[in-house]
Amino acid sequence: MDRPQRQTIKQSCRNLKSIDNDEFRRDLVNSDLLQDPPNDVNQLAELYSSTLSSLLDKHAPSALKEIIVRSGTPWYNEQVLLAKRKRRAAERKWRKSRLEIHRQLYKSERNSCARALRGAKSSYCTKKLSDNVKNPSFYHKFMGSLLGKKNDTPLPSSTNDKDLADNFSANFSTAFDTVNHQKLLSRLQDDYNIQGDALAWFHSYLSTRSQSVLVSESMSESTILECGVPQGSVLGSLLFVLYTNPLEKVIDNFDVNHHAFADDLQFDGFLQTRGCTNSQIKGEAVHEGN
């Protein structure tokens, strides 16, 4: 996959540092603005503007510069921008004077800026969660991004085909949360002959479960869960094994060695690729629960 192209814009700019002050002063003195200024105020203003524009075009001609457009931070607002400007101005003043009073003022502006940043981030996250209270998928992705969680790559990193075969793995994230309650109950009844009160007990155990998200002091509305078994419990792991047991039957049909425990499944075998010799492949299906 090609690397996405950076978005750029062209902006007009001048290199004011390249201006020779002596030559600029000499041209200004010899201009009509100083040699023969008009008496009318409007004409004087127009001559002032045109003279300075022509001198700038001569000594610092305008040029187009390509600038990379960077994506904005969604929680960045005017209050944060103003706080950062005040902090930077106070820091410059203190570094220039080195006076204690200016250092104290800088510390005050620095703390105010930090509070503004935290407040802006908190308000943004609270609103995003409130707007998507009925979207569990968004909750998972958004909370993962806040916690710095990165999605696993489809294939492991490798330097050659042999390393890829040795390290091949398939990751199924949050597998405990993907257990469908209706399919699990049907599997308990059809595959394990759990009937009557015992099946009703499992139905009661899985039903009417809900979840909410707490961010700072804001609590979202509760959402009924139609999938997932409680993690960290003995029964949750047992139900997950019963739910995924057909997967082992499928693997057995292909004579692949495998080992399973709770939410971890490892398998290994040999394969032959076209134009290559037999290569060993060792895979691991890891189910991670939050």
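Trainee: Tell me about the nonpolar core, and please be specific about residues and values.
Mentor: Counting 16 residues, the largest nonpolar core has L184, L188, F202, L206, V229 and L239 as its most contacted members. Mapped by element, the contributors of at least two residues to this core are helix 8 (181–190), helix 9 (196–206) and helix 10 (234–253). By residue number, the principal contributor to this core is helix 10, which donates 5 residues. Apart from residues lying up to four places away in sequence, L188 is in contact with N193, I194, L199, F202, L239 and L242. Counting residues in hydrophobic clusters, the runner-up holds 8 residues, among them V133, Y139, V213 and V215.

Trainee: An account of the pattern of salt bridges is needed here, citing residue identities and associated values.
Mentor: Charged atoms that come close allow side chains of opposite charge to pair. A complete count under the given rule lists 8 salt bridges for this structure. We note a salt bridge from D131 to K127, for which the minimum N-O separation is 2.8 Å. Of this pair, D131 and K127 both sit in helix 5 (residues 100–131), 4 residues apart, which is roughly one turn of the helix. Across the pair, K127 and D131 agree in class, each one exposed. Each of R88, E91 and R95 takes part in salt bridges that share partners, so that together they form one network.

Trainee: Kindly report on the packing of aromatic side chains, identifying the contributing residues and their values.
Mentor: All told, the structure shown has 4 aromatic pairs when counted by the stated rule. Note on W75 and Y76: the rings are 6.3 Å apart at their centroids and 40° apart in plane angle, and the pair reads as tilted. Ring plane angle 10° and centroid distance 5.7 Å describe the contact between W201 and Y205, whose orientation is recorded as stacked. You can see W201 and its partner Y205 sitting in helix 9, 4 residues apart, about one turn around the helix. Geometry around W94 places R98 over its ring, the cationic atom sitting 4.8 Å from the centre. Above the face of the Y243 ring, R187 is positioned so that its terminal group lies 5.1 Å from the ring centre.

Trainee: Quick rundown of a nonpolar patch on the surface? Include the residues and the values.
Mentor: On the surface, a cluster of nonpolar side chains totalling about 280 Å² of accessible area is made up of L99, I101 and L105. With respect to the secondary-structure elements, I101 resides in helix 5. On the basis of relative accessibility, which here comes to 52%, the residue I101 falls in the exposed class.

Trainee: Provide a residue-level description of helix 10, including the pertinent values.
Mentor: Relative to the 28 Å expected for 20 residues at 1.5 Å per residue, helix 10 spans 29 Å between its end C-alpha atoms, a close match to the ideal helical length. Largest kink in helix 10: about 40°, centred on T244, with the proline P246 one to four residues after it. Residues of helix 10 that are buried: L235, G236, L239, F240, L242, Y243 and I251.

Trainee: Account for the packing of helix 8 against helix 9, with residues named and values stated.
Mentor: In a packed pair of helices, the relevant descriptors are the angle between the two axes and the axis-to-axis distance. Closest axis-to-axis distance for the helix 8/helix 9 pair is 11 Å, and the angle between their directions is 165°. Overall, the two elements helix 8 and helix 9 adopt an arrangement that is roughly antiparallel. Considering the relative orientation of helix 8 and helix 9, their crossing is right-handed. Contacts between helix 8 and helix 9 involve H181, L184, L185, L188 and Q189 from the former and L199, F202, H203 and L206 from the latter.

Trainee: Give me helix 9: which residues, what numbers.
Mentor: All buried positions along helix 9 are accounted for by L199, F202, Y205 and L206. All buried residues of helix 9 lie within an arc of 115° about the axis, which places them on one face of the element. Looking at helix 9, the residues exposed on the side facing more than 90 degrees away from the buried face are G196, D197 and W201. Those residues of helix 9 that are buried lie in contact with helix 8 and helix 10. Just downstream of helix 9, T208 is the residue with a positive phi angle, here 55°.

Trainee: An account of the environment of D32 is requested, with residue identities and associated values reported.
Mentor: Mapped onto the elements, D32 comes out in helix 2 (residues 32–35). Along the backbone, D32 and L47 are 15 residues apart, and their C-alpha atoms lie at a distance of 8.0 Å. When neighbours within four sequence positions are excluded, D32 is seen to be in contact with P37 and L47.

Trainee: Describe in detail unusual backbone geometry, supporting the description with residues and values.
Mentor: A positive phi angle is found at R98, which is not glycine, with a value near 60°. Relative to the helices and strands, R98 resides in the loop between helix 4 (78–97) and helix 5. Positive phi, close to 55°, is recorded for N193, a residue that is not glycine. Within the secondary structure, N193 is located in the loop between helix 8 and helix 9.

So, how was this worked out
- Residues numbered from 1 in each chain as written.
- Predicted model: local features only at pLDDT ≥ 70, side-chain atom pairs only at ≥ 80, totals over all residues.
- Heavy atoms only, no water.
- Core = buried A, V, L, I, M, F, W, Y, C linked by side-chain atoms within 4.5 Å.
- Buried < 20%, exposed > 50% of the residue type's maximum accessible area, 1.4 Å probe, protein only.
- Helix = DSSP H or I, 4+ residues; strand = E, 2+ residues; numbered from the N terminus.
- Contact = heavy atoms within 4.5 Å.
- Salt bridge = Lys/Arg side-chain N within 4 Å of Asp/Glu carboxyl O.
- Phe/Tyr/Trp six-rings, centres within 6.5 Å; stacked < 30°, edge-to-face > 60°.
- Lys NZ or Arg CZ within 6 Å of the ring centre and 35° of its normal.
- Patch = residues over 30% accessible without salt bridge, like charges linked within 9 Å, V, L, I, M, F, W, Y side chains within 5 Å.
- Areas by Shrake-Rupley, 256 points an atom, 1.4 Å probe, with all protein chains shown as cover.
- Expected span 1.5 Å × (residues − 1).
- Bend = angle between axes of the 7 residues up to and from the residue.
- Axes fitted to C-alpha atoms, helices over the stretch in contact; angles between N-to-C directions.
- Parallel < 35°, antiparallel > 145°, perpendicular 65-115°, else oblique.
- Left-handed = near helix turned anticlockwise from the far one by under 90°.
- Arc of directions from axis to C-beta.

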